[in-house]
Amino acid sequence: MNRLGQKDHETLIEMALAADDNIAVLTKFKPSRSAGEDSNGPLCETISNTESELRSNSEISKRHQSKDSVFFRDGVRRIDFVLSYLDDPNKEEEKKAERRREFEKNLQKAGLELETEDKKESEDGKTYFVKIHAPWEVLITYAEVLNIKAPIKENDIPPTVENPLDCILEPFRLPEKVMHPEPDYFTAPFSKSRQELYLIDNESTFFSPSRRNRIVYYILTRCPYGTEEGKKKFGIKRLLSNGTYTAAYPLHDCQYWKKSNDPNCDNERYTLYMEWARFLRFYKEQPLDLIRKYYGEKIGIYFAWLGFYTEMLFFAAVVGLICFLYGLFTMDENMSSTEICAPAIGGEIIMCPLCDEKCEYWKLNTTCESSKYSHLFDNVATLFFAIFMGIWVTLFLEFWKRRQARLKYEWDLVDFEEEQQQLQLRPEYEAKCTHKKKNPVTQEMEPYLPLTSQAVRFCISGTTVLFWISLIIASMIAVIVYRLAVYAAFASIMENTQTLQPISGLLTPQLATSVTASCLNFVIIMILNFLYEKIAVWITDMEIPRTHLEYENRLTMKMFLFQFVNYYSSCFYVAFFKGKFVGYPGTYTYMFSRWRNEECDPAGCLIELTTQLTIVMAGKQIWGNIQEAIVPWIWNWWGRRKARCNPENLYSRWEQDHDLQSFGALGLFYEYLEMVIQFGFITLFVASFPLAPLLALMNNILEIRVDSWKLTTQFRRPVAAKAHSIGVWQEILNGMAILSVVTNAFIVAFTSDMIPRLVYYYAYFTNEDSPMSGYINNSLSVFQVSDFLEGKRPENNPENFLTCRYRDYRYPPGHEKKYLHTMQFWHILAAKMAFIIIMEHIVFIVKFFVAWMIPDVPAEVKARIKREKFLTQKILHEYELDKLKQKLCECKTYENMEKEVIATEGKVELSQAM
């Protein structure tokens, strides 16, 4: 262990909460320059944009610098961050140049070292690159501020007992060096005053590149650059938004397709690409520790959750596939479709017209094929699968909590409630809030937003959200109107066009309307999504959230609420409204007194819900993968087309990364949102489509590799950030899990034909040998043609039909309760309500029992956390005791020192006893 001597100079930084204190901290940073201390090289002076100040660039030719270099020209100091800006003369250029000079001067005052690359050295001849290096003193100062944990001793807790099934899982494993790139250590929050306690073998590698860029980004977001309009301006985010700088990013460590020539480079990007980001590795586990080390905990926890979600989908997909195969193998045994297809039954049943006047009477057996396909999803297995998915959701969420608890322990996030950087005030909040008040906890003055201003902003925000949700509902109503308007057209065309007769059995008017309306609805969903994303960010910025965590949570709720209504409203319509308020011939119900409400297929509405769900879900997944993979690749190809014509050694590392796409602060947010919307599709409506988990599984296998590929090859390296959980998404998933039980119970009861069939089977059957025979005739009521109102009666009735049939349970003509609901209707309704209550209670009882039985934190992890806390505390106490004994020998009287030693030993004994 290489222990460093104690530094003599004073602490370089103190943590302050108020905006003025933060700025003061950054501008008063003055590191000492004692002899022999500057192991990282001399501090580089700020280099301005003028030719005279860039003369040092001409001394070192860029041709002698490796394109993979992540160091300053001296080859010693590592580039922790890069800023770029364009030489674009205009009216604003002088103002931007002044901002840059002030900003870079303050960065130096904060202790950072800068080196500028002239525009002549860039590929386009217009771009300047400012390289930033954080020396040791800056790193250890801000490591203490950000409460970064550092290793103090190698972990000596024995590993868990190996799983006997590991030999079976061996083909899916990655090499140990890839899975665990670093040894496991006991850690403690870094302290400048106790540097010799930590395992500092090499100052230049003690802090990983991801931690270094996180520290530098913290400084960049709080560094001032002047006063404008009487307000202090600071932060790299504002400079990026006003065009002073064009980009700010940390560097990848090497090219993804080959290793760096630098022997000291870990080539982590290359390793991630070879072992993780290629689709041919889809069957391999993910190197989560390496992902966390390279990208930070926040991205690491996302891929851990996505991988776990995909693993759990495997079980749901297998059960769903079995249920689908059951429907497939029993298709020919289905009595309902058999009767519909039978010429003697379905061929003799004349159905009432599908629209007013223009449509003709039709025979029931024309829906033969669609009734067969409906059985694939509307059978007894549907009920079993709906119950299974209710329990599966609970198991998924509970086991994820356990997996998350294990990651928190392994990634040193146990004591991490919410990261300090997340809970600290946003720079935008500090800049826009001019009022200040005393914090009752810290007794420090800090900015705040007056209550009246908050109320006005929330009113505007709420009104905007309601307007856009109303716009979605209006678009859904427009699609419904489309369905009603073209339904009559499809019915008329298909009945009267001879060329469509061969496919009329497969493509019914209901199915044709459903498919075209679903496609139209999907297009509208994509357009509204694109527009609302911009609006959601704007209104969240307008609210001026206080912290980063608050900002993310507010944006998450706005986006999820919108997407929930946008994606699921059409499915809710088909599942719970279509065919439920139709009326009966002669007294149909109309939308806006013009369009007749849609009817379900004689075999039920479930097949139409399946169609809607398949088109929207599959379309979203295909479009999402195109957006995520192909679009960034095209942009990067376009940006690099000129660079490929030049020698590779002239295409520097910072320029290569500059030509990549920016991942953005909300990049991970959209990944979560995409997966949570998919989670809704496979839980809320899974009773109608047992293959939904299988589609989601195949998509997620691809999604993991697409996300890893684009992050590793197509995007700049994101700034590392910490996170101990998936945040507010956990609560959203819990809410959707509860809602899914209710929706699936209603789908089985009201959308499928299961309950009417069961009621007929047990109470209304007419043939003991075949209880389901006669069900179709029983489920269709009789209507007398002469009872049609004028203007509603079909124009053509060449065969002079006297009666027609329609789907409902009503008394026939001539009965004293003519066209009123029969007692069977009320029995079925009572059975449906009873089923919903029973199913919900059974599933909820099982869900809560399972949640109670499975502890959130594994017992083994709890024991390890306690053991590590004890050992870490013991090490820290022994260190304090050694320091006190050392002082005893050096400079303090024996009597006073003896008291301190006794007190410290007592503290250790008390800690051990506790």
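Residues numbered from 1 in each chain as written. Predicted model: local features only at pLDDT ≥ 70, side-chain atom pairs only at ≥ 80, totals over all residues. Heavy atoms only, no water.

S.K.: Lay out the sheet that holds strand E1 (residues 81-86) with the relevant residues and their values.
M.R.: The strands making up a sheet are joined through hydrogen bonds of the backbone, oriented either antiparallel or parallel. Sheet architecture is open: 4 strands sit in the order E2-E3-E1-E8, paired in antiparallel fashion. A single partner strand is all that each edge strand has here, and the edge strands are strand E2 (113-117) and strand E8 (247-249). Here the strands of the sheet are splayed against their neighbours by 15° on average, with no regard to which way each runs. Pairing of E1 with strand E3 (residues 127-133) involves 6 bridges; the strand directions are antiparallel. Across the sheet, Val82 pairs through a bridge with Lys131, a residue of E3. Relative to E1, helix H3 (residues 93-109) is tilted by about 165°, and along the sheet it contacts E1, E2 and E3. Helix-sheet contacts for helix H8 (residues 209-220) involve E1 and E3, and the interaxial angle to E1 is about 50°. (Pairing = 2+ DSSP bridges. Helix = DSSP H or I, 4+ residues; strand = E, 2+ residues; numbered from the N terminus. Axes fitted to C-alpha atoms, helices over the stretch in contact; angles between N-to-C directions. Contact = heavy atoms within 4.5 Å.)

S.K.: Please give an account of the packing of helix H20 (residues 548-576) against helix H23 (residues 667-684) that cites residues and values.
M.R.: In a pair of packed helices, the angle between the axes and the distance between the axes together describe the arrangement. Packing of H20 against H23 leaves a shortest axis separation of 11 Å and a crossing angle of 35°. Between H20 and H23 lies a crossing whose hand is right-handed. Facing Leu555, Thr556, Met559, Phe560, Gln563, Phe564, Tyr567, Tyr568 and Cys571 of H20, the residues of H23 in contact are Phe669, Tyr670, Leu673, Val676, Ile677, Gly680, Phe681 and Leu684. (Left-handed = near helix turned anticlockwise from the far one by under 90°.)

S.K.: Describe the state of the cysteines, naming the residues involved and giving the relevant values.
M.R.: A full pass over the atoms with the stated rule returns 3 disulfides. Paired by a disulfide, Cys341 and Cys368 hold their sulfur atoms 1.8 Å apart. Across the disulfide from Cys341 to Cys368, rotation about the S-S bond amounts to roughly 100°, and the bridge is consequently right-handed. Note that Cys341 is positioned in helix H13 (residues 335-341) and Cys368 in helix H14 (residues 368-377), a separation of 27 residues in sequence. In this model Cys355 forms its disulfide with Cys359; the gap between the sulfur atoms is 1.7 Å. Taking the sign of the torsion about the S-S bond as the criterion, the disulfide between Cys355 and Cys359, at about 95°, is right-handed. Its relative accessible area of 1% is what places Cys359 among the buried residues. (Disulfide = S-S within 2.5 Å. Buried < 20%, exposed > 50% of the residue type's maximum accessible area, 1.4 Å probe, protein only.)

S.K.: Got a sec to walk through helix H10 (residues 268-275)? Specific residues and values, please.
M.R.: Three- or four-residue spacings in an α-helix give side chains the same orientation, since the helix completes a turn every 3.6 residues. In terms of burial, H10 is largely enclosed, as 6 of its 8 residues are buried. Turning to H10, its buried residues are Glu268, Arg269, Tyr270, Leu272, Tyr273 and Glu275. Structurally, H10 contributes buried residues whose contacts are with helix H6 (176-179), helix H11 (288-295), helix H22 (653-658) and helix H24 (692-714).

S.K.: Go over the side chain of Lys832 with me, naming the residues and quoting the values.
M.R.: By the secondary structure assignment, Lys832 is in helix H28 (residues 823-853). Lacking a salt bridge, the buried Lys832 has Asp753 as its closest oppositely charged neighbour, with an N-O distance of 6.6 Å. In contact with Lys832, other than residues within four places in its own chain, are Ala749, Phe750, Ile755 and Pro756. (Lys, Arg positive; Asp, Glu negative; His and termini not counted. Salt bridge = Lys/Arg side-chain N within 4 Å of Asp/Glu carboxyl O.)

S.K.: Hey, could you go over unusual backbone geometry for me, with residue numbers and the actual values?
M.R.: Phi at Asn267 takes a positive value of approximately 55°, unusual for a residue other than glycine. One non-glycine residue, Asp412, lies in positive phi territory at about 60°. Along the chain, Asp412 falls in the loop between helix H15 (380-410) and helix H16 (420-423). Accessibility expressed as a relative area gives 15% for Asp412, which makes it buried.

S.K.: Help me get a handle on H15, residues and values and all.
M.R.: With 31 residues, H15 should cover 45 Å at 1.5 Å per step; its first-to-last C-alpha distance of 45 Å lies within 8% of that length. Between a side-chain oxygen at the N-terminus of H15 and the backbone nitrogen of Ala381 the separation is 2.9 Å; the capping residue is Asn379. Phi for Asp412, located one or two positions after H15, is positive at around 60°. (Expected span 1.5 Å × (residues − 1). Polar contact = N/O pair within 3.5 Å; in protein donor to acceptor, adjacent residues only side chain to side chain.)

S.K.: Just give me the short version of a nonpolar patch on the surface, but keep the residues and values in it.
M.R.: Together, Ile622, Trp623, Ile626, Ile630, Val631, Trp633, Ile634, Trp635, Trp637 and Trp638 give the surface a local cluster of nonpolar side chains, amounting to about 1000 Å² of exposed area. The topology assignment puts Trp633 in helix H21 (residues 606-640). According to the relative accessible area criterion, Trp633 is partly exposed, its value standing at 42%. (Patch = residues over 30% accessible without salt bridge, like charges linked within 9 Å, V, L, I, M, F, W, Y side chains within 5 Å. Areas by Shrake-Rupley, 256 points an atom, 1.4 Å probe, with all protein chains shown as cover.)

S.K.: Quick one: what's the story with the confidence of the model for the chain, residue by residue and with numbers?
M.R.: On average, residues of the chain score 81 in pLDDT, and 83% of them reach the 70 mark or higher. Every residue in residues 1-64 is under pLDDT 50, and counting partners more than four places away or in other chains gives 141 contacts. Segment residues 906-911: pLDDT under 50, and 5 contacts once partners within four positions in sequence are set aside and those in other chains are kept. (pLDDT = per-residue confidence, 0-100.)

S.K.: Lay out the pairing of E1 in plain terms, naming residues and giving numbers.
M.R.: Burial runs high along E1: 5 of the 6 residues are buried. Relative to E8, E1 runs antiparallel, the two being bridged by 3 bridges. The residue bridging Leu83 from the neighbouring strand is Ala248, located in E8.

S.K.: Just give me the short version of the environment of Phe801, but keep the residues and values in it.
M.R.: Looking at where Phe801 falls in the secondary structure, it is placed in the loop between strand E17 (780-784) and strand E18 (803-807). Residues Phe801 and Gln784, 17 residues apart in the sequence, show an inter-C-alpha distance of 9.1 Å. Setting aside residues up to four positions removed in sequence, Phe801 forms contacts with Ile350, Tyr361 and Val785.

S.K.: Quick rundown of the packing of aromatic side chains? Include the residues and the values.
M.R.: A complete count under the given rule lists 60 aromatic pairs for this structure. Look at Phe190 and Tyr198: their rings are 4.8 Å apart centre to centre, the planes differ by 25°, and that puts the pair in the stacked class. Note on accessibility: Phe190 and Tyr198 belong to one class, buried. On the numbers, 5.0 Å between centres and 85° between planes, the contact of Tyr256 with Trp257 is edge-to-face. Against the face of Tyr588 rests Arg596, its NZ or CZ located 3.6 Å from the ring centre. Over the face of the ring belonging to Tyr294 we find Arg717, whose NZ or CZ atom lies 3.8 Å from the ring centre. (Phe/Tyr/Trp six-rings, centres within 6.5 Å; stacked < 30°, edge-to-face > 60°. Lys NZ or Arg CZ within 6 Å of the ring centre and 35° of its normal.)

S.K.: Hey, could you go over the pattern of salt bridges for me, with residue numbers and the actual values?
M.R.: Taken as a whole, this structure holds 34 salt bridges when the rule is applied. Between Glu552 and Lys298 there is a salt bridge, with its nearest N and O atoms 2.6 Å apart. Residue Glu552 is found in helix H20, and its partner Lys298 is found in helix H12 (residues 297-329); the two are separated by 254 residues along the sequence. With a relative accessible area of 25%, Glu552 lands in the partly exposed category. Lys298 gets classed as partly exposed once you look at its relative accessible area, which sits at 22%. Beyond isolated ion pairs, a larger network of salt bridges with shared partners links Arg73, Glu115, Glu117 and Lys131.

S.K.: So what's going on with the side chain of Arg596? Which residues, and what values?
M.R.: Structurally, Arg596 can be placed in strand E16 (residues 595-596). Within the structure, the side chain of Arg596 is placed 3.0 Å from the backbone oxygen of Pro353, a separation counted as a polar contact. One polar contact links the side chain of Arg596 to the main-chain carbonyl oxygen of Leu354, over a distance of 3.1 Å. What Arg596 contacts, discounting residues up to four positions off in sequence, is Pro353, Leu354, Cys355, Asp356, Leu484, Tyr588, Thr589 and Tyr590.

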